[in-house]
There are 2 protein chains.
Amino acid sequence: MGIRKTPVTYHKLLLILTVWMPVIFFFSTANAQKNQMVRLAKITVDSAQLENYKALLKEEIETSVRVEPGVLSLYALSEKDRPTHITILEIYADSAAYRSHLQTPHFIKYKTETKEMVKSLELVPVDPLVPGMKIKD
Amino acid sequence: MGIRKTPVTYHKLLLILTVWMPVIFFFSTANAQKNQMVRLAKITVDSAQLENYKALLKEEIETSVRVEPGVLSLYALSEKDRPTHITILEIYADSAAYRSHLQTPHFIKYKTETKEMVKSLELVPVDPLVPGMKIKD
């Protein structure tokens, strides 16, 4: 009996891990997605400043996505028929990641330097329909 | 001379590959992104049918992204303050992928079954500001 004790415990442990690891992984992923903060920013830009504005926004987005792990995406687009109308799909890991983003030097630079270029800004909190949606290669 | 010919040619070939492969890769990626078709679909849904509509849209999106390589993303969201207002960021590899998507049984099923639920639909062609933007894990 004493001899068999170790292998049985080992097998039990393996069994527990095999069964529960995917369950734990699934719930931790689902939970991480539940905490996400997702928003649409709807911006109209002074047409005389559009190219300057787009350059500053592009720089801010590329830096944010590269250096901030909690900034999951900033997908910015301009309407083909009304290029001064910009929409940004903003995805943050959680609200703490968003608050931290607001304090970064690159965000503050963007906000300061584009202040006179932005004619209107609407921030629309949203719920994603398919959690975990990605953009494929 | 005859003996050295093969290794020199081999080295030259290696050099050419080493130098040009990243260049070719860069331009093929940039070109692929240039061909992308990106659009915002803005939909308002009959409030009495909202849950049915969302279930049908979710099914259509999950199938499209899974089985169609050219459907790169369908990021759908509903506004928290006006849940009947749905926006979908649609990213297709190119216009052929989009045309093919319109012929799929899952798209036709969605379109047919949601016909009476959709109060308005606006399709807005857009230009992405940062080509190749992804959604991080």
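Note: the structure precedes this text.
An account of the accompanying structure is given in this report. This one's a predicted model, so the numbers in the text were calculated from it and none came from an experiment.

Here Glu79 of chain B shows up in strand β2 (residues 71-79). Taking the C-alpha atoms as reference points, Glu79 of chain B and Leu17 of chain B, separated by 62 residues in sequence, lie 50 Å from one another. With near-sequence residues (within four places) excluded, Glu79 of chain B lies in contact with Lys42, Val124, Pro125 and Val126 of chain A together with His85 of chain B.

Once that is clear, we can look at the sheet that holds strand β3 (residues 85-92) of chain B. Pairing in this closed barrel of eight strands is antiparallel, and the strands run β1(A)-β3(A)-β2(A)-β4(B)-β1(B)-β3(B)-β2(B)-β4(A) around the ring. Shown here is a sheet whose adjacent strand axes are inclined to one another by a mean of 35°, direction ignored. Bridge analysis of strand β2 (residues 71-79) of chain A against strand β4 (residues 118-128) of chain B gives three bridges, and the strand direction is antiparallel. Opposite Leu77 of chain A, over in β4 of chain B, you have Pro128 of chain B as the bridge partner.

This next bit is on the relation of the copies chain A and chain B. With an RMSD of 0.1 Å, the operation that places chain A on chain B is a rotation of 180° combined with a shift of 0.0 Å along the axis. Between the two chains, the operation in question is that of a two-fold axis. Nearest to the rotation axis, the C-alpha of Ile135 of chain A is located 3.0 Å from it, this being the minimum over chain A. Comparing contact sets, 100% of the residues at the interface of chain A also lie at the interface in chain B, consistent with an isologous, same-surface contact.

To continue, consider the pattern of salt bridges. With the rule as written, the count across this model stands at 18 salt bridges over all chains. Notably, a salt bridge pairs Lys54 of chain B with Glu51 of chain B, separated by 3.8 Å at the nearest N-O pair. A residue pair is termed a helical-turn pair when its members lie 3 or 4 positions apart in one helix, as Lys54 of chain B and Glu51 of chain B do in helix α2 (residues 50-67) at three residues. Between Glu62 of chain B and Lys58 of chain B there is a salt bridge whose closest N-O contact spans 3.5 Å. You can see Glu62 of chain B and its partner Lys58 of chain B sitting in helix α2, four residues apart, about one turn around the helix. A relative accessible area of 31% places Lys58 of chain B in the partly exposed class. Among the charged side chains, a salt-bridge network with shared partners connects Lys42 of chain A together with Glu79 and Arg82 of chain B.

Criteria and cut-off values
- Every chain is numbered on its own, with residues counted from 1 as its sequence reads.
- All chains are assigned letters beginning at A, and all ligands numbers beginning at 1, according to the order in which they are written.
- Side-chain atom pairs in this predicted model are given and counted only at pLDDT of 80 or more, local residue features only at pLDDT of at least 70, and totals for whole chains, interfaces and linings cover all residues.
- Water and hydrogen atoms play no part in the side-chain values, which are based on all heavy atoms of the structure.
- Numbering of helices and strands starts at the N terminus; helices are DSSP runs of H or I of at least 4 residues and strands are runs of E of at least 2.
- Any two residues whose heavy atoms approach within 4.5 Å at even a single point are treated as in contact.
- Two strands form a pair only when DSSP identifies at least two bridges running between them.
- Axis lines are fitted through C-alpha atoms, for helices just across the contact stretch, and the angle between N-to-C directions can take any value from 0 to 180 degrees.
- We superpose the copies by least squares over the C-alpha atoms of residues that have a pLDDT of at least 70 in both of them.
- Only one rule defines a salt bridge in this text: a Lys or Arg side-chain nitrogen within 4 Å of an Asp or Glu carboxyl oxygen.
- Buried means the residue's accessible area, taken with a 1.4 Å probe over protein chains only, is under 20% of the maximum for its type, while exposed means over 50%, and partly exposed covers the values in between.

The quantities given are spatial measurements derived from coordinates; they are silent on function.
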